[in-house]
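One letter stands for each residue in the lines below.
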Amino acid sequence: MDLIQILILAIIQGITEWLPISSSGHLVIVQQRLGLKEVPLIFDVALHVGTLCVVVVAFRRDIIEIIRALYKRDFKSEEGKLALCLVLGSIPTALIGFLFHDVFRLLFNSTLAVGGALMITGFILYFSRLRKDSKQLDFLDSLLIGIAQGVAIAPGISRSGITLSTGFLRRVKKEVVFRYSFLLSIPAVIGAIVMESKDLVVGELDMVGLLFGVVVSMMVGYLSLKLLLKIVLKEKFHLFAYYCWIAGVI
């Protein structure tokens, strides 16, 4: 890949990773339009590392409090209960990813599958407008959101879109769902890095291009994450459905 292609992919990754429009789906489409038959695995792994860094920086206070609660074995506090919810939510994601890994891989070769998945994401986002937040997160909510995150491994199904929508439809408070959804992405991203790294063959690397792509995706990704929070708080989240429908049809 040349620097222009890296720049385009990094910007697309940064914007779509957090906004509920599916980063994997957009990358499949853009890669084909750029004539890239296959993006180097090292680039994909690097972007995942960049994604992980963005979440860790944005939710660093929550992460520190959760670690403290785990160290003290304080599972009665809010952070301790959240830690249990994160473990529970990560189990179905890991199982789905492990059992259906090969199926999901095949979908990355089909823009038709991506288009259909984007339209499904649109319907999920649209129905999320029916939300009425009234409660805190419980274990059943955590499990259902974890299942939703596992399904989102399919390109075109937005991880943030389906996990936030699941929480909204379960009537969990929007601020709570937002925090849980992105904290839940941390073990999922670490798992993805481990899964992809086992097939990684490190040869001659364009370190300048690689670092350039990671930095760009991190900067754009941090801004898009902040933008998404504002959109969620203003209850405009479901409007992304129209974009997903249009993109899916195209």
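Above this note sits the structure.
Residues numbered from 1 in each chain as written. Predicted model: local features only at pLDDT ≥ 70, side-chain atom pairs only at ≥ 80, totals over all residues. Heavy atoms only, no water.

Draft legend 1. Summary view of the environment of Arg105. Mapped onto the elements, Arg105 comes out in helix H6 (residues 101–107). Taking the relative accessible area as the measure of exposure, Arg105 reaches 40% and is therefore partly exposed. Between the C-alpha atoms of Arg105 and Ala94, which are eleven residues apart in sequence, the distance is 15 Å. (Helix = DSSP H or I, 4+ residues; strand = E, 2+ residues; numbered from the N terminus. Buried < 20%, exposed > 50% of the residue type's maximum accessible area, 1.4 Å probe, protein only.)

Draft legend 2. Highlighting helix H5 (residues 78–99). Given a rise of 1.5 Å per residue, 22 residues ought to cover 32 Å, and the 32 Å separating the end C-alpha atoms of H5 matches this to within 8%. Taken residue by residue, H5 has Gly80, Leu82, Ala83, Cys85, Leu86, Gly89, Ser90, Pro92, Thr93, Ile96 and Gly97 as its buried positions. Contacts from the buried residues of H5 go to helix H4 (60–72), H6, helix H8 (139–151) and helix H10 (174–197). (Expected span 1.5 Å × (residues − 1). Contact = heavy atoms within 4.5 Å.)

Draft legend 3. Geometry of the nonpolar core. Among the nonpolar cores identified, the biggest contains 39 residues, and Leu164, Phe178, Tyr180, Leu183 and Leu228 are the most heavily contacted of them. Contributions of two or more residues to this core are made by helix H3 (41–58), H4, H5, helix H9 (159–169), H10, helix H11 (207–233) and helix H12 (240–249). The biggest single contributor to this core is H10, with ten residues. Residues within four places of Phe178 in sequence aside, it is in contact with Phe59, Leu164, Leu225, Leu228, Leu229 and Val232. With eleven residues, the next largest nonpolar core counts Leu9, Leu36, Phe43 and Leu47 among its residues. (Core = buried A, V, L, I, M, F, W, Y, C linked by side-chain atoms within 4.5 Å.)

Draft legend 4. Region of interest: the pattern of salt bridges. Per the stated rule, a full pass over the model turns up seven salt bridges. Several salt bridges share partner residues, and in doing so they unite Lys135, Asp138, Asp141 and Arg170 into one network. (Salt bridge = Lys/Arg side-chain N within 4 Å of Asp/Glu carboxyl O.)

Draft legend 5. Just the environment of His101, in detail. Within the fold, His101 resides in helix H6. Overall, His101 belongs to the partly exposed group, its relative accessible area being 26%. For His101 and Phe182, which are 81 residues apart along the polypeptide, the C-alpha to C-alpha distance reads 22 Å. Not counting chain neighbours up to four residues away, the residues in contact with His101 comprise Ile96 and Met195. In terms of polar contacts, His101 uses its side chain to reach the side chain of Asp102, at 3.5 Å. (Polar contact = N/O pair within 3.5 Å; in protein donor to acceptor, adjacent residues only side chain to side chain.)

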